[in-house]
Every structure is written in C-alpha cells, then in structure tokens.
Amino acid sequence: QPQLAVSGGGSVQAGGSLRLSCVISGLTYRPYCMGWFRQAPGNWREGVATVDVDGITSFERSVKGRFTISQDTAKNTLYLQMNDLKPEDTAMYYCAAGGRSLEIESYTYWGQGTQVTVSS
C-alpha cells in the first residue's frame, strides 16, 4: 500500500520557521501532483501548497510569500518550508499525492498529520 510519512512539525514562536518533510513510498508511478493541506480545530481542511511534475506550484493566498514547496524526486520526498509563521498557521498539516492543484477532493493518497503550533 502506498504510504506517505510526514515529519517536521512542532511548536514555534511567531516569526519562526519550520520545514515539513513527506517521504512517499509504495507507488509504482510518479504522481502528477503532490501537496500540503492543513486543518485547524473547528475549521475546514484547506490546501496550503502544491507542486506538479513540471515544478508548477500553487499556494493558498495567506501563505504566499512565506511558504515554499519543493520536491526531491530522487528521494521521493516533498518539503514545505514555512517562514514567518503566524498564530493563524496553527493546524494539523497533511501531505497528499495524486491530485490536482489545491483541490482537496482530487487527491488519492494521504499521510498522517503533523501538528504545527505557532505562539504569539
């Protein structure tokens, strides 16, 4: 079964940085798109950032300019570099593959979440 192993979450002060990693295994093909999503308590899950096989990226409006998504295809690893973190970034972050852009319902494979907490 395909698996997505996520790591890198934690607690930081506002203005700090974190880098999330997602190692994808068990796939016999390269997914067209991979991305990061998040969900805060009481809120709907939302797309954060995605990247496709051509390196084209998409970002949620509030994180644009602060977050960077990248991938190491040789290592089947997806990264999310989060800079200038804000309290409103606090959420459970999820890695997903096989979808399109920031459309949550289009993704086929999901990993376990990692908690990101940003304090004022």
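Look up a bit, the structure's there.
Now for a description of the structure that goes with this document. (Residues numbered from 1 in each chain as written. Predicted model: local features only at pLDDT ≥ 70, side-chain atom pairs only at ≥ 80, totals over all residues. Heavy atoms only, no water.)

## Remarks on the environment of E60
Relative to the assigned elements, E60 resides in the loop between β6 (57-59) and β7 (67-72). Considered as a pair, E60 and G47 are 13 residues apart in the sequence and their alpha carbons are 6.3 Å apart. For E60, the residues in contact, after removing those within four places along its chain, are R38, E46, G47, V48 and L102. (Helix = DSSP H or I, 4+ residues; strand = E, 2+ residues; numbered from the N terminus. Contact = heavy atoms within 4.5 Å.)

## Describing the pairing of strand β5 (residues 46-52)
Of all the seven residues making up β5, six are buried; the element is thus mostly covered by neighbouring parts of the structure. Of the pairings in the sheet, the one linking strand β4 (residues 33-39) to β5 comprises six bridges and is antiparallel in character. For G35, the partnering residue across the bridge sits in β5 and is T50. If you look at the hairpin formed by β4 and β5, you'll find six residues sitting between the two strands, and G42 has a positive phi there, around 85°. Where β5 meets β6, three bridges bridge the pair, whose relative direction is antiparallel. By the bridge assignment, V51 is partnered in β6 with T57. (Buried < 20%, exposed > 50% of the residue type's maximum accessible area, 1.4 Å probe, protein only. Pairing = 2+ DSSP bridges.)

## Remarks on the pairing of β7
Here β7 pairs with strand β8 (residues 77-82) via six bridges, running antiparallel. Within β8, the position partnered with I69 by the bridge is L80. Between β7 and the antiparallel strand that follows it, β8, lie four residues; N76 among them carries a positive phi value of about 50°.

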